[in-house]
Amino acid sequence: MMNRMTEPSLKEKIEELIRDNRILLFMKGTPEAPQCGFSMRVVNVLESYDVEYAALDVLPALQPLREVTAEISDWQTFPQLYVNGELVGGADIVEEMDDSGELSDLLGAQRPEQHAMSAKQELQQDPQQSPPIQIER
């Protein structure tokens, strides 16, 4: 029978993950299959840098993880991106830092010149751009 005292608490496990992974993303779902738009946005930003990062799906233990991250970093919503043991923030902050170049410095990675964008993002960026040409059959 396992003694509850020797078993590391969720908080200890999370602190260890934050310590052991230079870039750690707490997200809903997985990078391959994000379960919320905000998580997907952070994954898209990270993927554009071609850096290795660890991702933890928070959905199986959402409420306990909210409580733990509130204790650790005073932040309860997901996604949360940690770099070098420090909370960077959620989707909006990560995207702002990506735009300003701060994220590139923090990650120690060059942002690729040509950001791979979805057609929707390209249309948002340049409203004058014509949609892709459809070839009639």
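See above for the structure.
These numbers come from a predicted model, not from an experiment.

**Let's talk about the packing of helix H2 (residues 37–49) against helix H4 (residues 91–100)**
When two helices pack together, their arrangement is given by the angle between the helix axes and by the axis-to-axis distance. Where H2 contacts H4, the axes come no closer than 9 Å and their chain directions differ by 30 degrees. When the axis of H2 is compared with that of H4, the two are roughly parallel. Here the hand of the crossing between H2 and H4 comes out left-handed. Side by side, H2 and H4 meet where Phe38, Arg41, Val42, Val45 and Tyr49 of the first sit next to Ala91, Asp92, Val94, Glu95 and Asp98 of the second.

**Examining the nonpolar core**
Counting residues in each nonpolar core, the largest one holds 19 residues, and the members touching the most others are Ile23, Leu25, Leu46, Leu81, Leu103 and Leu107. Looking at this core, the elements that each hand over two or more residues are strand E1 (23–27), H2, strand E3 (80–83), H4 and helix H5 (102–107). Looking at this core element by element, the count peaks at five residues for H2. Ignoring sequence-local partners within four residues, the contact set of leucine 25 consists of Val42, Val43, Leu46, Tyr53, Ala54, Ala55, Leu56, Pro79, Gln80 and Leu81. Core analysis: the next-biggest nonpolar cluster, separate from the first, contains ten residues, Ile14, Phe26, Ala54 and Val58 among them.

**What about the pattern of salt bridges?**
Scanning the model with the defined rule gives three salt bridges in all. Between aspartate 92 and arginine 41 there is a salt bridge, with the nearest N and O atoms lying 2.6 Å from each other. Residue aspartate 92 is located in helix H4, and its partner arginine 41 is located in helix H2; the two are separated by 51 residues in the primary sequence. Since its relative accessible area comes to 45%, aspartate 92 is described here as partly exposed. Residue arginine 41 is classed as partly exposed on the basis of its relative accessible area, which comes to 26%. Connected via shared salt-bridge partners are Arg41, Asp92 and Glu95.

**Here we look at the environment of leucine 17**
The residue leucine 17 is located in helix H1 (residues 10–20) in this model. Its relative accessible area of 28% is what places leucine 17 among the partly exposed residues. Each C-alpha atom, one on leucine 17 and one on alanine 55, is 9.9 Å from the other, the two residues being 38 residues apart in sequence. Beyond its immediate stretch of four places on either side in the chain, leucine 17 contacts Leu24 and Leu56.

**Structural notes on the packing of H1 against helix H3 (residues 62–73)**
Interhelical geometry of H1 versus H3 gives an angle of 65 degrees and a closest axis separation of 10 Å. You can see that H1 and H3 cross each other, and the crossing is right-handed. Here Leu10, Lys11, Ile14, Glu15 and Ile18 of H1 come into contact with H3, specifically with Pro64, Leu65, Val68, Glu71 and Ile72. Tallied by class, residues from the contact of H1 with H3 come to seven nonpolar, no polar and three charged.

Rules of the game
- Residues numbered from 1 in each chain as written.
- Predicted model: local features only at pLDDT ≥ 70, side-chain atom pairs only at ≥ 80, totals over all residues.
- Heavy atoms only, no water.
- Axes fitted to C-alpha atoms, helices over the stretch in contact; angles between N-to-C directions.
- Helix = DSSP H or I, 4+ residues; strand = E, 2+ residues; numbered from the N terminus.
- Parallel < 35°, antiparallel > 145°, perpendicular 65-115°, else oblique.
- Left-handed = near helix turned anticlockwise from the far one by under 90°.
- Contact = heavy atoms within 4.5 Å.
- Core = buried A, V, L, I, M, F, W, Y, C linked by side-chain atoms within 4.5 Å.
- Buried < 20%, exposed > 50% of the residue type's maximum accessible area, 1.4 Å probe, protein only.
- Salt bridge = Lys/Arg side-chain N within 4 Å of Asp/Glu carboxyl O.
- Nonpolar A, V, L, I, M, F, W, Y, C, P; charged D, E, K, R; others polar.

Taken by themselves, the reported measurements are silent on function.
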